[in-house]
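The chain contents come next:
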Amino acid sequence: MCGIVGYIGNKEATPILVEGLRKLEYRGYDSAGVAVLKEGKLQVIKAEGKLSFLESKLLGKNPTGNIGIGHTRWATHGRPSDENSHPHTSCSEDFAVVHNGIIENYMELKEWLEEQGHIFSSETDTEVVAHMVEHYYKGNLEEAVKMTLDKIHGSYALGVICKNEPDKLIAARKDSPLVIGIGEGENFIASDIPAILSHTRKCYLINDGEVCVLTPETIKITTISGEIVNKEVFNVSWDAEAAEKGGYEHFMLKEIHEQPVAFRKALSGRIAENRVKFEDFHLPLETINKWKKVYIVACGTAYHAGLVGKGIFENLLRIPVEVDIASEFRYRRPLVDEETLVIVISQSGETADTLAALREAKNKGASVLAITNVVGSSIAREADFVVFIWAGPEIAVASTKAYTTMLVAEYLLALYLGQLKGVVSEAEAKVIIDALHSLPEAAIRVLNEVDRYKEIAEEFKEKHDAFFIGRGFDWAVALEGSLKLKEISYIHAEAYAAGELKHGTLALITKETPVIALCVQKNTYDKTLSNIKEVKARDAEVLAIAIEGDTEVGKYVDDVLYIPDIYNFVAPILTVIPLQLISYYAAKARGCNVDQPRNLAKSVTVE
Ligand code: AGP
């Protein structure tokens with residue numbers, strides 16, 4: 001997820017662009033850049049690192065002009081660097097482009113453009129857009145952009161300016177957010193409302209397939225094929241801080257609700273004809289067959305994702321998988337060698353314990369694959385192979401969309417390895433892939449039950465303890481649910497394998513002890529139901545998480561939350577969402593600092 005801004009009007013563009021980028025830093029912050037046009041001269045300044053690095057560069061160059069575009073990056077294709085920063089320009093440097101999204105067919109386009117003589121200067125997918133516009137430009141920028149859009153597949157929010165048409169700023173949208181700010185003698189484009197809020201509260205919300213042509217006095221919106229689009233003006237009532245959260249009260253709630261989009265991005269371009277592929281690597285079969293054992297190593301929520309991963313890999317690949325907490329792994333003389341695949345999972349890609357485990361594994365000759373959210377992070381750079389989860393920046397300390405997209409990445413990776421090894425049938429792969437594709441809509445249905453989560457969370461307000469129980473995948477998800485609740489609401493919560501309660505912990509279950517029982521997994525349902533009856537017999541208050549249509553469990557518990565009946569093997573990705581929301585609303589009801597809980601940091605870079 002990146003942030004784009006653009007300005008055309010009667011003021012100096014640069015300060016407006018920089019201010020807008022600062023408001024969009026939450027969308028990505030590993031590099032930034034601006035392109036400003038004045039008297040036929042396109043001035044492009046960009047810098048790796050935080051926005052402040054760009055500001056330092058700008059002080060020296062001080063580009064002037066009344067039209068410009070800017071970008072703050074969350075690297076997807078191409079590590080963070082000056083060259084890979086946006087804006088990207090064409091060979092002639094007559095055109096500059098900023099982009100948020102993923103051009104899925106960029107390799108094919110890049111090869112075609114290189115055959116036409118175009119020379120590329122970056123590793124990014126975006127750069128193809130600048131060269132395509134240049135290729136199609138015959139004196140009409142709008143037409144050249146539309147011809148380009150006809151050829152590119154993927155997602156985009158684009159800003160384009162051209163030296164030969166200094167009175168025009170073009171923008172277009174497909175799958176990535178774009179707003180147009182309506183000013184007096186000036187107009188704006190941005191990925192999100194915060195970037196323009198200090199200049200105007202009037203804007204157009206752009207939809208997929210719409211192309212906008214801005215001049216200082218006019219805004220024309222059409223479809224790619226040219227039909228005029230008439231839009232209502234949207235008047236922004238939010239304050240600036242609320243706008244950065246997209247109108248949500250906290251980043252955590254925003255990120256929970258971003259999960260359907262995050263699933264689409266995590267799957268984007270990685271499944272073709274029911275076969276999984278990864279954009280960044282292809283593993284030779286002899287490499288895969290060399291691995292006789294898998295270790296999954298991580299911390300916190302990422303560790304819980306690894307526990308689900310164990311079930312995924314062992315079921316699909318039938319090879320032994322051991323899951324370890326990173327801070328334990330390196331001190332137990334792990335049985336790791338050249339025949340081991342070590343998968344490290346880390347949202348930030350900077351967790352010290354996990355990085356140390358990666359290095360230990362490599363020292364022992366293992367192959368290391370990272371599942372991470374941050375391109376250019378230490379773990380991404382040091383791993384042999386990387387699967388990015390494409391969740392976009394996760395700002396809240398409590399991890400939500402990163403956890404579920406880690407699971408998506410594990411399903412994809414297991415399918416990829418299983419299909420290459422020939423141990424996953426076409427039919428089995430299809431069922432899982434269909435379920436993965438159904439996730440966004442299924443997740444939206446779960447997210448829409450907000451009032452139920454608020455109501456249940458209110459009951460947790462005065463509680464001091466809570467227990468989560470489940471078996472198999474449900475136990476792994478229960479662990480994540482208990483971490484969510486305790487780390488943001490400060491209610492002491494524990495997760496237990498449901499069958500383990502009677503071996504001791506049942507002694508803690510008293511009248512009104514809240515127990516959240518996950519009984520989604522069909523292969524352990526009956527046993528879990530027995531465990532539910534055990535705790536109910538001790539007068540516990542039991543909330544069940546079950547599959548819609550389950551008419552049995554409701555007879556034995558105080559309340560039930562249902563999730564859509566998707567293919568059971570993929571259900572963990574949905575099962576966790578009610579737990580995320582109950583934790584969020586319980587923390588809110590208790591007046592806790594939801595986004596920044598006490599004692600915690602978003603990335604633990606100390607051991
Ligand atoms: C999860 O809600 C916590 N913020 C924490 O457990 C986190 O998952 C852990 O610190 C690992 O972080 P990483 O994924 O960035 O490595």
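What you see is a predicted model; the values in this text were computed from it and never measured.

A. Geometry of the layout of surface pockets. Volume-wise, the largest pocket comes out at about 710 Å³. Around the largest pocket, the lining is made up of 29 residues, and of these Arg27, Pro177, Asp192, Lys254 and Glu258 lie nearest the centre. With 3 residues, the single largest contributor to the lining of the largest pocket is helix H8 (residues 259–267). A per-class count over the lining of the largest pocket returns 15 nonpolar, 6 polar and 8 charged.

B. Empty space enclosed by the protein, seen in detail. For the coordinates displayed, the defined rule picks out 4 cavities of 30 Å³ or more. In this model, the largest cavity occupies a volume close to 90 Å³. If you go around the largest cavity, the residues you meet are Met1, Cys2, Trp74, Thr76, Asn100, Gly101, Ile102, Lys265, Trp390 and Gly392. Tallied by class, the residues present in the lining of the largest cavity amount to 5 nonpolar, 4 polar and 1 charged. Each pocket or cavity is described by its volume, and for the second largest cavity that value is around 60 Å³. Taken together, the residues of the lining of the second largest cavity sort by class into 1 nonpolar, 8 polar and 2 charged.

C. Up close: the nonpolar core. Ile343, Ile371, Tyr411, Leu417 and Leu436 are the most contacted members of the largest nonpolar core, which has 130 residues in total. The element that contributes the greatest number of residues to this core is helix H14 (residues 401–421), accounting for 13 residues. Not counting residues within four places of it along the chain, the set of residues in contact with Ile343 comprises Val294, Tyr295, Ile296, Val297, Phe313, Leu369, Ile371 and Leu413. In terms of nonpolar packing, the next biggest core, distinct from the first, is built from 27 residues, Ala144, Leu158, Val160 and Ala172 among them.

D. Focus on the site of the ligand. Among the 14 residues in the neighbourhood of the ligand, the closest are listed as Ser346, Ser348, Thr351, Val397 and Glu487. The separation between an oxygen atom of the ligand and a polar side-chain atom of Ser346 is 2.6 Å. Its free accessible area being 410 Å², the ligand has 91% of it covered by the protein chains. Of all the secondary structure elements, the ones that give two or more residues to the shell around the ligand are helix H10 (300–317) and helix H17 (473–489). Residue classes in the shell around the ligand are distributed as 5 nonpolar, 7 polar and 2 charged.

Basis of the calculations
- Residues numbered from 1 in each chain as written.
- Predicted model: local features only at pLDDT ≥ 70, side-chain atom pairs only at ≥ 80, totals over all residues.
- Heavy atoms only, no water.
- 1 Å grid on protein atoms, 1.4 Å probe; cavity = no way out; pocket = protein on both sides within 12 Å on 5 of 7 lines; lining within 4 Å.
- Points joined across faces, edges and corners; volume = space filled by probe spheres on them.
- Helix = DSSP H or I, 4+ residues; strand = E, 2+ residues; numbered from the N terminus.
- Nonpolar A, V, L, I, M, F, W, Y, C, P; charged D, E, K, R; others polar.
- Core = buried A, V, L, I, M, F, W, Y, C linked by side-chain atoms within 4.5 Å.
- Buried < 20%, exposed > 50% of the residue type's maximum accessible area, 1.4 Å probe, protein only.
- Contact = heavy atoms within 4.5 Å.
- Near = heavy atom within 4 Å.
- Polar contact = N/O pair within 3.5 Å; in protein donor to acceptor, adjacent residues only side chain to side chain.
- Areas by Shrake-Rupley, 256 points an atom, 1.4 Å probe, with all protein chains shown as cover.

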